[in-house]
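The chain contents come next:
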Amino acid sequence: MSKGQPHNQFLAVIIDGTTIRAAENVSFSDVHTLLRVACEDPGSWNDAVLLWPRHNNDPEIVPDIRKLIWIRRRLEDITRLTEASKGWVVVDIVGRRLLTGGNWPAISIRGGEDSQSTKDAIRLNLPPWWEYRGQTEVATVYTARQSPLVIPNAKRDVLWGNSLIRFFADKLLTLARSRSESTEGELQASQAIWESLIGIHRDWLMTPQEELLGGCPRERLHAGMSWIDQLIFEQTLMVDSDRKLVPLHPRFSALKTAPPGRSEVVLYFDACRYLLSAGWKWLTEDTKRSQEPNSLKKLRQKLSSDLEAWWDLPFEGGDSHRKIVDTERTRIPRLAWGEDNIIDCDCPICRMMASEESGPGVLSIDGYHLELEDDFVFSLCPTREIWESEFSTYNDGDDEDEDDEEESEDEDVQDCEQPAGPTVGQRGTDPHATNDGLRSRQPDEFGSVWKHSYVNNSVAMGGTFGYLSLAFLLAEIIAFLQTLKNAQSEIDLLNSTFTLFRKATEREEMQAAADDFRAALEDVAGRHDELTGRVADLQSRIDEQLRVATAGSQ
């Protein structure tokens, strides 16, 4: 909202079939919340009521959309109401349109033609099938959509149902009968067989289905994946702000029909490969099975049973496939608490994220293994054009000089892949510094001693962020030690002293823990000259974190 703009001056209109509701003198925050509700694709006024709590994250916002003074109006009344308001927003639920006018701020639609609009624009993740007409005339309210409305239906009963089972069973049985003269070992181990199974998977995804109105399964999987992902990401921000997550209400009309998100798409790929492997194994365990009169019926029953069992299998030792998909369909992120956050027991970042003071972690499935197929059909790209563009860019990187890898003396070799470090605090003056020891050897001020961590010296240390900044830098030192033999005791000591330092609360306890942490680093640098500069810099940052942490206890 522009500076100096009155707080309550906007008109909000919701068109739900023949019912038109209008609320005058609505605050900017409440209208903005209505826009976020529209981004969830409500199918009715009742849906809007159910969606409102998911976006009610500010005391200034009314707790219930029904608390606004909605008055039922005729369509012809809208012109008069908009003329009396400074700015207006119309949410046409039936027509899936968003219209704005007057002095309502500009809107940038994610992925839309105006996605590069001014930085002051309100950014919205509107569903791809919604039309947006910004800064328009009120007459637009009375016109029809510019393009036909096609609301995608995931048709999960087809994607996950009998159609999938029948297709796989028919193709597997045909393949088995065509190779009936092969030995059991040849059938199970042949590379050609595996490529045939992949071909069945590809054919299913790309074959038009009558139950999908002539569309193919892949189109349904990718109808709105990035839109769903963004909705869940926005809920992730609630976690970062210590706000309560609100899943979709069970009565939300599109709970079962909305497009899949990334996790469901990735797990669908895994489920298809699981079924094809299980079905082929069953057929080849006894080569006579494919020749039996009722073999097709038995194979279909076998695949149906396998799919039902697959839903309850854990994904990488964690949540079941069913729980992951069900959680994503309610459009909230999966959270991990405590030790569930730990990926690598030697990683100080993982250890800190697993601690109570860091709160929950957010779990996600990236689906990188789909891209390794080197096939557009299995990729996460919605169109072939996008896939070819990204794949070309990826290959360009493969042609770079490989000598860079050989020059890295301490490449990170860890059990978990560390993200790039956050900006870390400005180095301060150590009140306990002396002219001897590593703390007197300052790194080059015009270059960073850190090889794999980004350092921003303009950001102050302090609080949880300061400790997390130290964790990223310590992770680089530990990554180096992991490349060496017999360094586990050094890694354990660094982790334990760092843990004591970040958990200390009293001034004297903080000082003692910081001294122990610095001493452990000093010992490591004394045995590994390559770490001298990094240890010296980390020690100075420990001093700054200590100074900020103890300042309030004086």
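Residues numbered from 1 in each chain as written. Predicted model: local features only at pLDDT ≥ 70, side-chain atom pairs only at ≥ 80, totals over all residues. Heavy atoms only, no water.

Structural notes on the packing of helix 17 (residues 463–482) against helix 20 (residues 532–551)
- Between helix 17 and helix 20, the shortest axis-to-axis distance is 10 Å and the interhelical angle comes to 165°. Put simply, helix 17 runs roughly antiparallel to helix 20. The handedness of the crossing between helix 17 and helix 20 comes out as left-handed. Contacts between helix 17 and helix 20 involve Gly463, Gly466, Tyr467, Leu470, Leu473, Leu474, Glu476 and Ile477 from the former and Arg534, Val535, Leu538, Arg541, Ile542, Gln545 and Ala549 from the latter.
- The residue inventory of the contact of helix 17 with helix 20, partitioned by class, reads nine nonpolar, three polar and three charged. (Axes fitted to C-alpha atoms, helices over the stretch in contact; angles between N-to-C directions. Helix = DSSP H or I, 4+ residues; strand = E, 2+ residues; numbered from the N terminus. Parallel < 35°, antiparallel > 145°, perpendicular 65-115°, else oblique. Left-handed = near helix turned anticlockwise from the far one by under 90°. Contact = heavy atoms within 4.5 Å. Nonpolar A, V, L, I, M, F, W, Y, C, P; charged D, E, K, R; others polar.)

Some thoughts on the environment of Ala551
- You can see Ala551 is positioned in helix 20.
- Relative accessible area serves as the criterion here: at 41%, Ala551 is assigned to the partly exposed category.
- Taking the C-alpha atoms as reference points, Ala551 and Arg507, separated by 44 residues in sequence, lie 9.1 Å from one another. (Buried < 20%, exposed > 50% of the residue type's maximum accessible area, 1.4 Å probe, protein only.)

Some words on the nonpolar core
- Residues Phe168, Leu172 and Tyr268 are the most contacted members of the largest nonpolar core, which totals 49 residues.
- Mapped by element, the contributors of at least two residues to this core are helix 4 (156–159), helix 5 (162–178), helix 7 (191–206), helix 10 (262–285), helix 11 (295–311) and helix 12 (321–329).
- Counting residues per element, this core draws most heavily on helix 10, which supplies 12 residues.
- With near-sequence residues (within four places) excluded, Leu172 lies in contact with Leu197, Ile200, Leu276, Gly279, Trp280, Leu283, Leu299 and Leu303.
- Counting residues in each nonpolar core, the second largest holds 43 residues, with Trp70, Ile93, Ile109 and Ala254 among its members. (Core = buried A, V, L, I, M, F, W, Y, C linked by side-chain atoms within 4.5 Å.)

Re the packing of helix 17 against helix 18 (residues 488–503)
- With their axes 10 Å apart at the nearest point, helix 17 and helix 18 run at an angle of 175° to one another. As far as their axial angle goes, helix 18 and helix 17 are roughly antiparallel. Where helix 17 abuts helix 18, its residues Tyr467, Leu470, Ala471, Leu474, Ile477, Ile478, Leu481 and Gln482 lie against Glu490, Ile491, Leu494, Asn495, Phe498, Phe501 and Arg502.
- Looking at the contact of helix 17 with helix 18 residue by residue, the class counts come to 11 nonpolar, two polar and two charged.

Here's the deal with helix 19 (residues 507–527)
- Between the first and last C-alpha of helix 19 there are 31 Å, a value that for 21 residues agrees with the 30 Å anticipated at 1.5 Å per step.
- Buried within helix 19 are the following residues: Met510, Ala513, Ala514, Phe517, Arg518, Ala520, Leu521, Val524 and Ala525. Down the axis of helix 19, the smallest arc covering the buried residues is 155°, so these residues share one side. Of the residues in helix 19, the exposed ones pointing more than 90 degrees away from the buried face are Glu508, Gly526 and Arg527.
- Its buried side turned inward, helix 19 meets helix 17, helix 18 and helix 20. (Expected span 1.5 Å × (residues − 1). Arc of directions from axis to C-beta.)

Overview of the confidence of the model for the protein chain
- Put simply, the protein chain has an average pLDDT of 83, and 79% of its residues get 70 or more.
- A low-confidence stretch, residues 397–446 (pLDDT under 50), is modelled with 87 contacts involving residues beyond four sequence positions or located in other chains. (pLDDT = per-residue confidence, 0-100.)

What about the packing of aromatic side chains?
- For the coordinates displayed, the defined rule picks out 15 aromatic pairs.
- Relative to Trp311, the ring of Trp310 has its centre 5.2 Å away and its plane inclined at 70°; by these criteria the two rings are edge-to-face. Each member of the pair, Trp310 together with Trp311, is buried.
- An aromatic cluster of at least three residues, connected via ring pairs, comprises Trp160, Tyr268, Trp310 and Trp311.
- Above the face of the Trp45 ring, Arg21 is positioned so that its terminal group lies 4.2 Å from the ring centre. (Phe/Tyr/Trp six-rings, centres within 6.5 Å; stacked < 30°, edge-to-face > 60°. Lys NZ or Arg CZ within 6 Å of the ring centre and 35° of its normal.)

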